[in-house]
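The chain contents come next:
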Amino acid sequence: MPEVRVRFAPSPTGYLHVGGARTALFNYLFAKKNKGKFILRVEDTDLERSTEESLRMQVEDLKWLGLFWHEGVDSETLESFGEYGPYRQSERLDIYKEHALRLISSGQAYYCFLTDDDIEEQRKTMEKGQHITSPFREMDPKEALKRVDNGDAAVIRFKTSKQVKTYAMTDLVRGHVSFQSDLVGDFVILRSNGMPVYNFCCAIDDALMKITHVLRAEEHLNNSLRQLMVYEAFDYTPPQFGHMSLILGSDKQKLSKRHGATSCHEYKVNGYLPEALVNFIALLGWSGSADQEIFEVEEIAENFHVEKLTPSAAVFDETKLKWMNSVYIKKADTEVFWKGVLPHIKEAGIVIPEDDHWRFMVQKVFKPRMETFKDAVELMRPLSDVEFIYDEKALEALGWDSSKTVIDKWAELVSSHADGYISEEQFDELQNEVKTQCGVKGKNLFMPLRVAIIGQAHGADLKLIVPLMSKELLLKRAGWALGKA
RNA sequence: GUUCCUGUCGUCUAGAGGCCUAGGACAUCGCCCUUUCACGGCGAAGACACGGGUUCGACUCCCGUCGGGAAUGCCA
């Protein structure tokens, strides 16, 4: 059994898309499960769209997700490392050119001098399903080379078989799939600017990098035909292909920008834990067991079988992702929690104590109420010395007949309390004091108190919140509430 | 147009011919817990796209229709 070698081959044109992330994840899992190698190859042959910044962003996103690779580009320097490099296609141009020329000399490819205008002209009279026919297909290669040397712009086209042939493969997730060769015409393998075209360099790289399994998105299924042709032309053995289902938006169209957040980076910035995103994405097209949904990456890898991948497309349900993120936030320890929360409350301009014990208590109180780390902002705002506005329900509670007396008494008791924080037990005592002295109980007691303390009619248990607020702040709050009561 | 892939609750899915009175999860609704709101617990509602076969028996296999996606590019 040869070593399992899989790859993720993104083109660096923006942040890592969640669809790409899933492709990367499944390849990563497959390698892990089979003790193989996971390779990161960069498909930057589209000069117009590929950028260095994009590459860096994608590498960052992969690292954030915890998907590390054995060969590819270095996550810091972005330089190739590994024995089958280089791993950036823009650095492999000589290899593609050499391969293309090899096909020309074996009569399996040819120079084509058709201009865009020529092709446009041909298209006008073409029936649907017909392909471009190049008059240069049978041109004498020496003649053609002369023109090329003269500086004439030329692409190199793959010479497809005249007789219709059937190309078949066993897809790891779809089973037996076959294509008729006349589905494609003589396709371009090398552009006039010398850059190779996807289906050509992809096949060559997979062969040269000894890739054994190609797990990629379903949109590439039809590309397999051309790649199979390339493998055949060089007498290379094709890898095992597995085409995974597409990820769709809520309207069942391919997930795109208009569906909202589609890049991993956005989820990172919006307060999601990478473990949650990974877990959620893994469940799109894979299920490890009938009654478990929360999985550590290790568990997913152990249970990962390509045969278990579903062939049908999946809708990306953000609501469920949010739920899953809330599960992971509840599981997070204090350190992870604050690492996730701090950037958001900082951005919102909220200042909080440095105290370790305080932070430990706060995360305990708010964890069960959060879906994303961003939620911490509104949750913690009442804990800091910032102005806030009362909502309708809060104002209503302040308007009750007894509210003013209750808050008055509360403020009086707090101000006569010893300096420092009020404990849970002390708060209970204070509340009881207000109750007996004002003769108010139930809703009429605790609602005005709640509003006087956090400015909202709803929220965490007061006896958990009060110990997190300074006496000074409590008094200031009570003062504001009194102004509205 | 042609070719290829695909079709189980609103969504993600379990289901490899009898285990299915189709299971779980998210969302929804109800109840419980709770001096509020969450969390949590319990429960309800909710699906095999349709039509033909094959079979003693079909969600499962085959064919067709319909729906969705992809390819037919000097994008990947």
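You'll find the structure just up there.
Read on for an overview of the structure. (Residues numbered from 1 in each chain as written. Chains lettered and ligands numbered in written order. Predicted model: local features only at pLDDT ≥ 70, side-chain atom pairs only at ≥ 80, totals over all residues. Heavy atoms only, no water.)

### Let's talk about the overall build of chain A
Thought 1: If you tally the helices and strands in chain A, you get 20 helices and 13 strands.
Thought 2: In terms of overall size, chain A is more extended than a compact globule, its C-alpha atoms giving a radius of gyration of 32 Å where 485 residues would be expected to give roughly 23 Å.
Thought 3: Taking all 485 residues of chain A together, the buried fraction comes to 49%.
Thought 4: Sequence-distant contacts, at least 24 apart, represent 74% of the contacts inside chain A between residues at least 6 apart. (Helix = DSSP H or I, 4+ residues; strand = E, 2+ residues; numbered from the N terminus. Rg over C-alpha atoms; globule rule 2.2 N^0.38 Å. Buried < 20%, exposed > 50% of the residue type's maximum accessible area, 1.4 Å probe, protein only. Contact = heavy atoms within 4.5 Å.)

### So, the pairing of strand S6 (residues 155-158)
Thought 1: Side chains of S6 alternate between two faces, with Val155 and Arg157 and Ile156 and Phe158 buried alike.
Thought 2: Two strands pair when backbone bridges link them, and strand S5 (residues 109-112) and S6 are joined in this way by 4 bridges, in the antiparallel orientation. Paired with Tyr110 across the strands is Arg157, a residue of S6.
Thought 3: Two elements, S6 and strand S9 (residues 188-190), share 2 bridges in a ladder whose sense is antiparallel. Bridge assignment links Arg157 to a residue of S9, and that residue is Val188. (Pairing = 2+ DSSP bridges.)

### Observations regarding the pairing of strand S1 (residues 5-8)
Thought 1: Across the two faces of S1 the burial is the same, with Arg5 and Arg7 and Val6 and Phe8 all buried.
Thought 2: Pairing between S1 and strand S2 (residues 37-40): 4 bridges, direction parallel. Its bridge partner lying in S2, Phe8 is registered against Leu40.
Thought 3: Assessed by its sense of winding, the connection that carries the chain from S1 through helix H1 (residues 18-33) to S2 is right-handed. (Right-handed = clockwise from strand over helix to strand, strands pointing away.)

### Section: the protein's contact with RNA strand B
Thought 1: Taken together, 60 residues lie around RNA strand B, and Arg174, Arg191, Glu293, Arg369 and Phe446 are the ones closest in.
Thought 2: At 3.4 Å from a phosphate oxygen of RNA strand B is found a side-chain nitrogen or oxygen belonging to Ser287.
Thought 3: Asp461 has a polar backbone atom sitting 3.2 Å from a base oxygen of RNA strand B.
Thought 4: Taken together, the elements giving at least two residues each to the surface near RNA strand B come down to strand S8 (175-180), helix H7 (223-234), strand S13 (314-315), helix H11 (318-331) and helix H18 (443-454).
Thought 5: Taken together, the residues of the surface near RNA strand B sort by class into 21 nonpolar, 19 polar and 20 charged. (Near = heavy atom within 4 Å. Polar contact = N/O pair within 3.5 Å; in protein donor to acceptor, adjacent residues only side chain to side chain. Nonpolar A, V, L, I, M, F, W, Y, C, P; charged D, E, K, R; others polar.)

### Regarding a negative patch on the surface
Thought 1: Residues Glu424, Glu425, Asp428, Glu429, Glu433 and Asp461 make up a contiguous surface patch of negative charge.
Thought 2: With respect to the secondary-structure elements, Glu433 resides in helix H17 (residues 424-438).
Thought 3: When its relative accessible area of 35% is taken as the criterion, Glu433 is described as partly exposed. (Patch = residues over 30% accessible without salt bridge, like charges linked within 9 Å, V, L, I, M, F, W, Y side chains within 5 Å. Areas by Shrake-Rupley, 256 points an atom, 1.4 Å probe, with all protein chains shown as cover. Salt bridge = Lys/Arg side-chain N within 4 Å of Asp/Glu carboxyl O. Lys, Arg positive; Asp, Glu negative; His and termini not counted. Charge placed at Lys NZ, Arg CZ, Asp CG, Glu CD.)

### Quick notes on the sheet that holds S6
Thought 1: Taken in spatial order, the 3 strands line up as S5-S6-S9 in an open sheet, and their pairing is antiparallel. Because the sheet does not close on itself, it has two edges, and the strands there are S5 and S9. Sheet twist, expressed as the average angle between the axes of neighbouring strands with direction ignored, equals 45°. (Axes fitted to C-alpha atoms, helices over the stretch in contact; angles between N-to-C directions.)

### Structural notes on the environment of Cys264
Thought 1: Positionally, Cys264 belongs in helix H8 (residues 264-269).
Thought 2: C-alpha separation for the pair Cys264 and Asp61, spaced 203 residues apart in sequence, amounts to 6.5 Å.

### Concerning helix H2 (residues 52-65)
Thought 1: With 14 residues, H2 should cover 20 Å at 1.5 Å per step; its first-to-last C-alpha distance of 20 Å lies within 8% of that length.
Thought 2: Considered for burial, the residues of H2 that qualify are Ser54, Leu55, Gln58, Val59, Asp61, Leu62, Trp64 and Leu65.
Thought 3: On its buried side, H2 packs onto S1, H1, S2, strand S3 (72-73), H8 and helix H9 (274-282).
Thought 4: Where H2 ends, the next residue or the one after it, Gly66, has phi of about 85°, a positive value. (Expected span 1.5 Å × (residues − 1).)

### Here's the deal with the packing of helix H16 (residues 403-415) against helix H20 (residues 471-484)
Thought 1: Where H16 contacts H20, the axes come no closer than 10 Å and their chain directions differ by 160°. The pairing of H16 with H20 is recorded here as roughly antiparallel in orientation. Where H16 crosses over H20, the handedness of that crossing is left-handed. On H20, the residues touching Lys404, Ile407, Asp408, Trp410, Ala411, Val414 and Ser415 of H16 are Lys471, Leu474, Leu475, Ala478, Ala481 and Leu482.
Thought 2: Counted by class, the contact of H16 with H20 contains 9 nonpolar, 1 polar and 3 charged residues. (Parallel < 35°, antiparallel > 145°, perpendicular 65-115°, else oblique. Left-handed = near helix turned anticlockwise from the far one by under 90°.)

### Structural notes on the packing of aromatic side chains
Thought 1: All chains considered together, the criterion is met by 14 aromatic pairs.
Thought 2: Taken together, a centroid distance of 5.5 Å and an interplanar angle of 25° make the contact between Phe234 and Tyr236 stacked.
Thought 3: Aromatic side chains Phe337 and Phe373 sit 6.3 Å apart centroid to centroid with 85° between the ring planes, which places their arrangement in the edge-to-face category. Highlighted residues: Phe337 in helix H12 (residues 334-347) and Phe373 in the loop between helix H13 (356-366) and helix H14 (376-380), separated in sequence by 36 residues. With respect to class, Phe337 is no different from Phe373; both count as buried.
Thought 4: Members of the aromatic cluster, each reached through a chain of ring pairs, are Tyr267, Tyr272, Phe280 and Phe316.
Thought 5: The residue whose ring lies beneath Arg226 is Phe187, and the NZ or CZ to ring-centre distance is 5.5 Å.
Thought 6: Over the ring of Tyr328 we find Lys331, and its NZ or CZ is 4.8 Å from the ring centre. (Phe/Tyr/Trp six-rings, centres within 6.5 Å; stacked < 30°, edge-to-face > 60°. Lys NZ or Arg CZ within 6 Å of the ring centre and 35° of its normal.)

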